Amino acid sequence: MAPPFRADHIGSLLRPQSLLEARSSLSSPSQMYSLDIPQSIKDAEARAIREVVQEQIDRGVRPITDGEYARHIYYGGFFEMLSGFEARPNLPIPDAFRTDFPTTTGLARMGATTRAAVICTGKIEYKESPYLAEWLELRNSLPEHLWGEAKFTIPAPNYQHIQLRPGTAYTAESGYTSDEEYFADLARCYAAEFQTLYDAGLRNVQVDDPHLTYFCSAQFLGGCAKDGTDADALLALYARTHGRLLAGAPPGLHVGMHLCRGNMAGSTHWVSGSYERIARALFNETGYSTYYLEFDDAERAGGFEPLRFLPPGKNVVLGLVSTKKPELEDPAEVRAKIAAAAAVIAEAQGVGIEEALDCLAVSPQCGFSSSSLAGGKGVTMERMWEKLQLVRDVAREVWG
């Protein structure tokens, strides 16, 4: 099964200076879930989205995204918009979070003492769409014949749960007594959101779940042990939850999953480790047809060996171009890596190289700006476009 785009990208793009200046009053990490957005900022976001959409059209970059310009950070705007959730802007580090959780321990090294999160305090219900307005801003910037070439990103259902101290993702007052109950209602909200966005013309969704790579991290696994958490059971819970939300998605909606190890300010990543530990469960238990995986740095992300677990009928978008460093990749080296990945799949599935290549695509390894203030060290706006065009050109050379 071929992926929807041979040349892809992960969604977030560097923000123009005009947008950064407009959003400067909302730049504090404690404001990442703020719902009080002045109209002047919304207007600046809309202008920037129209401009970046046109830039992608002019340069032949696909899929077309809004660069996540309406968000402070890639997971913003979803959980806090669902009924039953409440944003807590200043939860203490480390007490409110999992032991040795890579994100919060990394932030603590940078001097952070608090972190914002969203807690469930009541019945989780879908009363209004978190992202419809954002999708319509992107859609209305496109001629109708290009709607199908757009992609929209959404955070994973386990985003809040995995970071919070075990047992604190929902309060006693919420009425939830188990993780299964919490995720069952959350999955229903995702299915409803998928339907809303599909009815409004969206056909490609990317679910961002970088936290699944934490199960490849000795630090995270050690923290789970200290907390008395069975990491394998936790991973299985999250895989089941992904399956539940996919079960409710409209048949014509393509939904893929992106996993990476972070691209925060200054090219920061939170964990390292091969996909080896999670690959079998990832490919066989989550139900997605497309997986966006990073492979640009073997030291950080490992090699292509985990692709041997990819079953026939599914596909992988190889993240081979770095958003963390400004150096432009050698197209010949990128093509060679694609061939190496295809060889692993061909041997595992007992098929020819051409058939293995048919289930692959190429992209950058992560978004260019996971938060509005982030970006790879030294990566300029023009270099970003050069990297995206390199991805485009390599895809044309490999797949035609």
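In this text the structure is predicted, and so the values were computed from the model without any measurement.

1. What to know about unusual backbone geometry
- A cis geometry characterises the amide bond from Arg62 onward to Pro63, with omega recorded as -5 degrees.
- Looking at the secondary structure, you find Pro63 in the loop between α2 (39-59) and β1 (83-92).
- One non-glycine residue, Asp100, lies in positive phi territory at about 55 degrees.
- As for its position among the elements, Asp100 is in the loop between β1 and α3 (102-109).
- Residue classification places Asp100 among the partly exposed residues on the basis of a relative accessible area of 27%.

2. Description of helix α4 (residues 132-139)
- Every buried residue belonging to α4 is among Glu134, Trp135, Leu138 and Arg139, and all of these are buried. Mapping the buried residues of α4 onto a view down its axis gives an arc of 135 degrees, with all of them on the same face.
- As for α4, its buried residues are in contact with α2, β3 (152-155) and α6 (179-199).

3. Quick look at the packing of aromatic side chains
- Summed over the entire model, instances satisfying the criterion amount to 26 aromatic pairs.
- Their ring planes at 80 degrees and their centres at 6.4 Å tell us that Trp135 and Phe152 sit as a pair that is edge-to-face. You can see Trp135 sitting in helix α4 and its partner Phe152 sitting in strand β3, a full 17 residues away along the chain.
- The class for Trp135 is buried, based on a relative accessible area of 0%.
- Residue classification places Phe152 among the buried positions, given a relative accessible area of 2%.
- On the basis of an interplanar angle of 75 degrees and a centroid distance of 5.8 Å, the ring pair of Phe183 and Tyr238 is categorised as edge-to-face. Pair noted here: Phe183 is in helix α6 and Tyr238 is in helix α8 (residues 231-247), with a separation of 55 residues, a long-range link. Pair check on accessibility: Phe183 and Tyr238 agree, each one buried.

4. Observations regarding the packing of helix α11 (residues 331-349) against helix α13 (residues 381-399)
- One can describe the packing of α11 onto α13 by two numbers: an axis separation of 10 Å at closest approach and a directional angle of 55 degrees. Classed by the angle they form, the pair α11 and α13 counts as oblique. In this structure, α11 crosses over α13, and the sense of that crossing is right-handed. The segment α11 lies against α13, with Pro331, Val334, Arg335 and Ile338 engaging Leu390, Val394, Glu397, Val398 and Trp399.
- Of the residues in the contact of α11 with α13, the class split is seven nonpolar, no polar and two charged.

5. Description of the nonpolar core
- Of all hydrophobic cores here, the largest spans 119 residues; its most connected members are Phe194, Phe215, Phe283, Leu293, Leu307 and Leu318.
- Those residues in contact with Phe194 that sit more than four places away from it in its chain are Ile154, Val205, Val207, Leu245, Ala249, Pro250, Leu253 and Val255.

6. Considerations on the side chain of Gln163
- Tracing the backbone shows Gln163 in helix α5 (residues 159-163).
- For Gln163, a relative accessible area of 0% puts it in the buried group.
- For Gln163, the contacting residues outside a window of four places in its chain are Phe97, Arg98, Phe101, Arg115 and Ala117.

Reading the values: rules and limits
- Residues numbered from 1 in each chain as written.
- Predicted model: local features only at pLDDT ≥ 70, side-chain atom pairs only at ≥ 80, totals over all residues.
- Heavy atoms only, no water.
- Helix = DSSP H or I, 4+ residues; strand = E, 2+ residues; numbered from the N terminus.
- Buried < 20%, exposed > 50% of the residue type's maximum accessible area, 1.4 Å probe, protein only.
- Arc of directions from axis to C-beta.
- Contact = heavy atoms within 4.5 Å.
- Phe/Tyr/Trp six-rings, centres within 6.5 Å; stacked < 30°, edge-to-face > 60°.
- Axes fitted to C-alpha atoms, helices over the stretch in contact; angles between N-to-C directions.
- Parallel < 35°, antiparallel > 145°, perpendicular 65-115°, else oblique.
- Left-handed = near helix turned anticlockwise from the far one by under 90°.
- Nonpolar A, V, L, I, M, F, W, Y, C, P; charged D, E, K, R; others polar.
- Core = buried A, V, L, I, M, F, W, Y, C linked by side-chain atoms within 4.5 Å.

In short, shape yes, function no, at least from these values alone.
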